[in-house]
Amino acid sequence: MHRINNIPIPHIGMRIWKTVIAVLLSSLSGYIFKYNPFYTIITAILCMQTNTEASFKTAGVRCIGTFIGGIFAGIMLVIIDIFSIELFSIVYYIIISLFVAPLIYITVLIHREKSAFITCVVFFSVVLVNIVRMNPYLFIVLRVLETLAGIGISLAVNMIIKNPDRKNNETV
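Described below are features of the structure shown in this document. In this text, all values refer to a predicted model and were calculated from it rather than measured experimentally.

With 32 residues, helix H3 (residues 52-83) ought to run about 46 Å at 1.5 Å a step, and its terminal C-alpha atoms sit 46 Å apart, in line with that. Looking one or two residues beyond H3, the residue adopting positive phi is Ser84, at roughly 45°.

Relative to each other, helix H2 (residues 38-47) and H3 sit at 140°, their axes nearing to 8 Å. When the interaxial angle is binned, H2 and H3 end up oblique. Between H2, through Tyr39, Ile42, Thr43, Leu46 and Cys47, and H3, the contact on the second element is made entirely by Ser55, Thr58, Ala59 and Arg62. Considering only residue class, the contact of H2 with H3 consists of five nonpolar, three polar and one charged.

In this fold, Ile118 is placed in helix H6 (residues 116-130). For Ile118, a relative accessible area of 5% gives the class buried. Here the alpha-carbon distance between Ile118 and Ile106, two residues twelve residues apart in the chain, equals 13 Å. Setting aside residues no more than four positions away along its own chain, Ile118 makes contact with Val61, Arg62, Gly65, Thr66 and Arg143.

Cut-offs applied
- Residues numbered from 1 in each chain as written.
- Predicted model: local features only at pLDDT ≥ 70, side-chain atom pairs only at ≥ 80, totals over all residues.
- Heavy atoms only, no water.
- Helix = DSSP H or I, 4+ residues; strand = E, 2+ residues; numbered from the N terminus.
- Expected span 1.5 Å × (residues − 1).
- Axes fitted to C-alpha atoms, helices over the stretch in contact; angles between N-to-C directions.
- Parallel < 35°, antiparallel > 145°, perpendicular 65-115°, else oblique.
- Contact = heavy atoms within 4.5 Å.
- Nonpolar A, V, L, I, M, F, W, Y, C, P; charged D, E, K, R; others polar.
- Buried < 20%, exposed > 50% of the residue type's maximum accessible area, 1.4 Å probe, protein only.

As structure tokens, this is what we get:
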């Protein structure tokens, strides 16, 4: 461990460098396939953990949450179409607020409570942010694919680049 003015400063560890590589690869995937890699990058960052096992667990949480949030966002879109609900009206906000209960409850039912957060994030990213930017059904599909890409990149980097044995917990 380095010290600056007697303050211990941990060195930059493998997890940071692996995260940098995963972000670069995610960015390059956006460049090559001509899409904004924001969600791929975020997923790659979130899934990069100190070891492959922890990365797989985080990836599972992210996958489950993304699928559930996407499915419920699709259900919400159908409800909007069937009942001609005006976007961003008081009725709209009441309905999307009520969706929080089944979104979280389904994660409890399937014993995946850690996925509740990302489930809600995906749902609201569709019904609040991207519903007016692009076809929301297409956004759901793209969001799932971008999440899977970020997971794949993060897991591949974590499996290929192994952490050296650490003698202490000073590595960041």
